[in-house]
Amino acid sequence: MKITLIRGDITEQQVDAVVNAANSSLLGGGGVDGAIHRKGGPEILDECRKLRASHYGGGLPTGQAVATTGGLLPAEWVIHTVGPVYSAAEDRSAQLASCYRESLRVADDLGVESIAFPAVSAGVYGWPMQDAARIAVGTVRATPTKVTDARFVLFSTDAYAAFEHALGTP
Ligand code: ADP
């Protein structure tokens, strides 16, 4: 699998699937979530509502992932995953790693070859960027998958630098 870093907006990626840093309600939020629903249109929210009704009445658990259409996005699919809120008191890194692993598992189920990830949990959920990058890169590298093209799409220079550092660290 080829792993690349891109500085930019995940909603503009020409890939089979983009990963959304969703919240467990699946009903939208700020950050990446807001951008994906804004650009992807109402079809995505529609499918999220149906998933809630059929499977996730209590919300999508942290660390899990589920797919909807990409709606009006260039990507065919959105894979929604719920990152953990950062806690200094409790180690939640296994849950963050699970987001990447489960997203790749869903991607494999869909036959996805190219995927774009944001820095899950590193926005509103407060995860320190260096550590979020280490977990993201380490997990994607270590996960067996049929995906051949994995991109991390980073919004800020700081995020890009953190991922560059993580990618350079074996
Ligand atoms: P979380 O709630 O999991 O922390 P956020 O969406 O708040 O998720 O933030 C995750 C990361 O994504 C942050 O680093 C944020 O700056 C970045 N981000 C926000 N919008 C976009 C976007 N359109 N494309 C790529 N990254 C984005």
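Everything that follows concerns the structure shown earlier in this document.
Residues numbered from 1 in each chain as written. Predicted model: local features only at pLDDT ≥ 70, side-chain atom pairs only at ≥ 80, totals over all residues. Heavy atoms only, no water.

Caption draft 1: Highlighting the pattern of salt bridges. Using the criterion set out here, one finds 8 salt bridges in the structure. For the salt bridge of Glu12 with Lys39, the shortest nitrogen-to-oxygen distance reads 3.2 Å. Here Glu12 is found in the loop between strand 1 (2-7) and strand 2 (17-22), whereas its partner Lys39 is found in helix 1 (residues 31-40), with 27 residues between them in sequence. A relative accessible area of 39% means that Lys39 is categorised as partly exposed. (Salt bridge = Lys/Arg side-chain N within 4 Å of Asp/Glu carboxyl O. Helix = DSSP H or I, 4+ residues; strand = E, 2+ residues; numbered from the N terminus. Buried < 20%, exposed > 50% of the residue type's maximum accessible area, 1.4 Å probe, protein only.)

Caption draft 2: Examining the packing of helix 4 (residues 129-142) against helix 5 (residues 157-168) more closely. Between helix 4 and helix 5, whose axes approach to 8 Å, the crossing angle comes to 45 degrees. One element, helix 4, and the other, helix 5, form an angle in the oblique class. Here helix 4 runs over helix 5; the crossing is right-handed. Listed contacts from helix 5 to Met129, Gln130, Ala133, Arg134, Ala136, Val137 and Arg141 of helix 4 are Asp158, Ala159, Ala162, Phe163, His165, Ala166 and Leu167. The residue makeup of the contact of helix 4 with helix 5, split by class, is 9 nonpolar, 2 polar and 3 charged. (Axes fitted to C-alpha atoms, helices over the stretch in contact; angles between N-to-C directions. Parallel < 35°, antiparallel > 145°, perpendicular 65-115°, else oblique. Left-handed = near helix turned anticlockwise from the far one by under 90°. Contact = heavy atoms within 4.5 Å. Nonpolar A, V, L, I, M, F, W, Y, C, P; charged D, E, K, R; others polar.)

Caption draft 3: Representation of the site of the ligand. Inspection of the region around the ligand gives 16 residues, with Asp9, Val32, Ser121, Gly123 and Val124 positioned closest. One nitrogen or oxygen atom from the main chain of Val32 is found 2.8 Å from an oxygen atom belonging to the ligand. A distance of 2.8 Å is found between an oxygen atom of the ligand and a backbone nitrogen or oxygen belonging to Gly123. Looking at which element gives the most residues to the shell around the ligand, the answer is helix 1, with 3 residues. (Near = heavy atom within 4 Å. Polar contact = N/O pair within 3.5 Å; in protein donor to acceptor, adjacent residues only side chain to side chain.)

Caption draft 4: Region of the structure containing the nonpolar core. If you look at the biggest cluster of nonpolar residues, it comprises 34 residues, and the most contacted ones within it are Ile79, Tyr100, Ile115, Phe117, Val140, Phe152 and Phe163. The set of elements that each furnish at least two residues to this core consists of strand 1, strand 2, helix 3 (93-110), strand 5 (114-117), helix 4, strand 6 (149-154) and helix 5. In this structure, Val140 is in contact with Met1, Ile3, Tyr100, Leu104, Phe117, Ala150 and Phe152, ignoring residues within four places of it in sequence. Core analysis: the second largest hydrophobic core is formed by 17 residues, Leu51, Ala75, Val78 and Val82 among them. (Core = buried A, V, L, I, M, F, W, Y, C linked by side-chain atoms within 4.5 Å.)

Caption draft 5: Helix 4, seen in detail. Taking 1.5 Å of rise per residue, the 14 residues of helix 4 would be expected to cover 20 Å, and the 20 Å separating its terminal C-alpha atoms lies within 8% of that figure. Considered for burial, the residues of helix 4 that qualify are Ala132, Ala133, Ile135, Ala136, Val137, Thr139 and Val140. Summarising the contacts, the buried residues of helix 4 are in contact with strand 1, helix 3, strand 5, strand 6 and helix 5. (Expected span 1.5 Å × (residues − 1).)

The values are spatial; any link to function lies outside them.
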